[in-house]
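Summary of structural features
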Amino acid sequence: METKNYYLKEFQYFDGENDITFNIVDINTEKMVINIAVSKTGKISVIEYDLKQDKNGEFYFEYGICNQKIEINDFE
């Protein structure tokens, strides 16, 4: 995976209550972690998530209490 192509790519998500914006800050496929800038209700936090890979080889991370699957290929 070429991580440079994903820097600051954005994904919008609605959790049923709030609009959330995710921006990729860094991806490390060796350590299998991803750093995401999360913007929610006017606050921005940079959070590290475990990077996971599905059976098709696509990378994703899980967000929130319900572990919503957020796929890296969905970022624009």
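Just above sits the structure.
Here we summarise the structure given alongside this text. (Residues numbered from 1 in each chain as written. Predicted model: local features only at pLDDT ≥ 70, side-chain atom pairs only at ≥ 80, totals over all residues. Heavy atoms only, no water.)

A word on the sheet that holds strand β7 (residues 68–71). Within a sheet, each strand pairs with its neighbour through backbone hydrogen bonds, oriented either parallel or antiparallel. Taken together, the three strands give an open sheet; going across it, the order is β5-β6-β7, and neighbouring strands pair in antiparallel fashion. The outermost strands of the open sheet, each flanked by one partner alone, are β5 (52–53) and β7. Of the strand pairs in this sheet, strand β6 (residues 59–63) and β7 are connected by four bridges, and their pairing is antiparallel. Bridge pairing in β7 places Glu-62 opposite Lys-69. (Pairing = 2+ DSSP bridges. Helix = DSSP H or I, 4+ residues; strand = E, 2+ residues; numbered from the N terminus.)

The strand order β1-β2-β3-β4 describes an open sheet built from four strands, whose pairing is antiparallel. A strand with exactly one partner marks an edge of an open sheet, and here the two such strands are β1 (10–14) and β4 (43–50). Averaged over all pairs of adjacent strands, the angle between strand axes in this sheet comes to 30°, irrespective of strand direction. Relative to β4, strand β3 (residues 33–40) runs antiparallel, the two being bridged by eight bridges. For Asn-35, the partnering residue across the bridge sits in β4 and is Glu-48. (Axes fitted to C-alpha atoms, helices over the stretch in contact; angles between N-to-C directions.)

To continue, consider the environment of Glu-71. Relative to the assigned elements, Glu-71 resides in strand β7. The exposure class assigned to Glu-71 is partly exposed, which follows from its relative accessible area of 27%. Considered as a pair, Glu-71 and Glu-30 are 41 residues apart in the sequence and their alpha carbons are 18 Å apart. (Buried < 20%, exposed > 50% of the residue type's maximum accessible area, 1.4 Å probe, protein only.)

Coordinates in, geometry out; function isn't part of it.
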